[in-house]
Amino acid sequence: MYLIGHALKNIVRNRGRYLLIGAVLIICLASITVSSMIHFTTEAVIDDYSDRFGTSVFFTPDLRKLFTLMEPDENGMYHNPEITTEQYIAFSRSDAVKSTLFQGSRQTYSNQLIGLDQGGEEESWESGTDNVFLTDTQAATHVQRQAPNTTVVGYSDDSMMEDFTLGLRELDEGRLFAASGECMVSRDFADLNGLKLGDQLELQDVNSTDVGMLHLTICGIYLDITTPQPNGGNWAVNNRRNEILTSFSTLEEHGTAGLYVTAVYYLKNPGLAAEFESYVKENGLHEVYNVNVDAESYNRVVKPVESLKSISAAFLAVILLVGCLILILLSMLGVRERKYEIGVLRAMGMPKVKVAFGLICESVCIMALCLCIGLGIGGLIAQPVSDAIVNRQAGFMEQHPQADYGDILSSTNGMNETPPTLQEVRIVQTPESVAFTFMISLALGLLTNIAGIFYITRYEPVKILSERG
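Participant: It is not clear to me how the environment of Asp73 should be interpreted in this structure. Could you clarify?
Facilitator: Tracing the sequence through the fold places Asp73 in the loop between α3 (63-69) and α4 (85-91). Separated by 2.9 Å, the side chain of Asp73 and the backbone nitrogen of Asn75 make a polar contact. Engagement of the side chain of Asp73 in a polar contact is seen with the side chain of His79, the distance being 2.7 Å.

Participant: Teacher, can you tell me more about unusual backbone geometry here?
Facilitator: Note: most peptide bonds trans; most residues except glycine with negative phi. Phi at Asp117 takes a positive value of approximately 70°, unusual for a residue other than glycine. The residue Asp117 is located in the loop between β2 (97-109) and β3 (125-126) in this model. By relative accessible area, Asp117 is classed as partly exposed at 38%.

Participant: What am I meant to see in the environment of Ala236 here?
Facilitator: Considering the arrangement of structural elements, one finds Ala236 in the loop between β9 (214-224) and β10 (243-247). In this structure, the C-alpha to C-alpha distance between Ala236 and Gly115, residues 121 residues apart in sequence, is 5.4 Å.

Participant: Before we go on, may I ask you to explain the packing of aromatic side chains in this structure?
Facilitator: Remark: the centre distance and the inter-plane angle together describe each pair of aromatic rings, the angle taken between the planes. Enumeration over the complete set of coordinates arrives at 7 aromatic pairs. Judged by centre distance (4.9 Å) and plane angle (65°), the ring pair of Phe67 and Tyr78 falls under edge-to-face. Highlighted residues: Phe67 in helix α3 and Tyr78 in the loop between α3 and α4, separated in sequence by 11 residues. When its relative accessible area of 48% is taken as the criterion, Phe67 is described as partly exposed. Of the residues examined, Tyr78 reaches a relative accessible area of 32% and is grouped as partly exposed. The rings of Phe59, Phe91, Tyr265 and Phe276 are connected pair by pair, giving a single aromatic cluster.

Participant: Even after reading the chapter, I still don't get the confidence of the model for the protein chain, so can you show me in this structure?
Facilitator: Caution applies to low-pLDDT parts of the model: their predicted coordinates are not meant to be read in detail. Averaged over every residue, the pLDDT of the protein chain is 77; the share at 70 or more is 74%. In this model, residues 123-144 is a region of pLDDT below 50 whose contacts with residues beyond four sequence positions or in other chains number 37 contacts. For the stretch residues 402-420, pLDDT sits under 50, and the model shows 54 contacts to residues farther than four places along the chain or on other chains.

Participant: I would appreciate a short explanation of helix α8 (residues 273-282) in the present structure.
Facilitator: In an α-helix, one turn spans 3.6 residues; hence positions three or four apart end up facing the same way. Inspection of α8 places Ala273, Phe276 and Val280 among the buried residues, and these make up the whole buried set. For α8, the angular spread of buried residues about the axis comes to 60°, placing them on one side. Its buried side turned inward, α8 meets β1 (55-61), α4, β2, β11 (260-267) and β12 (289-293). Backbone geometry just downstream of α8 places Gly284 in the positive-phi region, at approximately 105°.

Participant: Just checking my understanding: could you explain the state of the cysteines for this structure?
Facilitator: Covalent bonding between the sulfur atoms of two cysteines is what defines a disulfide. For the coordinates displayed, the defined rule picks out 0 disulfides. There is no disulfide at Cys372, and the cysteine sulfur nearest it, in Cys370, is 9.3 Å away.

What counts, and at which threshold
- Residues numbered from 1 in each chain as written.
- Predicted model: local features only at pLDDT ≥ 70, side-chain atom pairs only at ≥ 80, totals over all residues.
- Heavy atoms only, no water.
- Helix = DSSP H or I, 4+ residues; strand = E, 2+ residues; numbered from the N terminus.
- Polar contact = N/O pair within 3.5 Å; in protein donor to acceptor, adjacent residues only side chain to side chain.
- Buried < 20%, exposed > 50% of the residue type's maximum accessible area, 1.4 Å probe, protein only.
- Phe/Tyr/Trp six-rings, centres within 6.5 Å; stacked < 30°, edge-to-face > 60°.
- pLDDT = per-residue confidence, 0-100.
- Contact = heavy atoms within 4.5 Å.
- Arc of directions from axis to C-beta.
- Disulfide = S-S within 2.5 Å.

Right, dumping it as structure tokens:
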């Protein structure tokens, strides 16, 4: 306790010197607070952007390659090479992919159900292909294929059901599908067939004999105001109110045969676009296709935030370097001025450890006071500093939308939800930023004290007192 009381008295006696040290510390700690707040906030913004929007990737044909590599059909039309269901699923296994949204569909038939717009022309037609639905009474030499009267559509995520988001469909009874084997049907389809919640449906895929019967349980009935026949015609399979909605995993459990799939891939970050392109090419994507990433949306939102993060990190490094040098110099000068005082204490028998502990106590008291002031000042000025940098970076990105991104991939609007242009990053003081500032202040205190203590304790008290005389 004596050493602590003596340290407090020394702070008062040497208040001029400690005011100077305190001013330098407050400037350093306020700057560190601003930098740490910006750093941790921008990390959260980038993570939030990735979680909500991601970096979507999609495939588009290169017309020059299409005309060069593909042959036209008998009508002179060029067709894009097929991307198979197996390839869509395989592409999702790339290490560069953060998540994948799948949508799959099967054309199905049930003689126990009637589809809206189902007519006599759909009862059956002859086909000579092997990819058919065979009845027990049909010979292999004369195949009859049943026309579909329903379509089962599967989604890997509820967010993909855009008709519900747009208000074209609305849950009328029951709930959304959750477990495997659950499904939803439209109110029109349910009323036509006398269906209710809990009823079982048995559906056969009409495009493949390898798929067993689909057994689905109705868990929800939805209202539907979509256009019944968006492509014209009057076939039941084209009527959207005959769609049976379920999860993608339910369709996938029956294999990929007869399953039509589309997918949207979201990368962990746009820098992995080249890696993903290489992966999909190795796994069978035809060279006609280009792999495109939504770089414009990424640049508009994340690039200014990343620039803000980089600027704060550089600013922090400069402040730490300059602050350390100044504090070490002030500490050594301060201890040098108190050389005689320390020599007297040593001559009275005080060990080096206690002398050092006294100096550390003084430093801890000053550091604690400056830390509180620095956190307060940093918290007040962090937002204006951030706004000034963001506005400058956002203006630069509007003038140069592809700046610092490169030409790995082209930029198009391929995301389901377009993120807004970044206007402001709300800077907050998080526990992580406070802890970071505290650790830096602790390191600064130790570093500056070690330099001063090492400078003074290497002298013997007799030599110190003799130099004073």
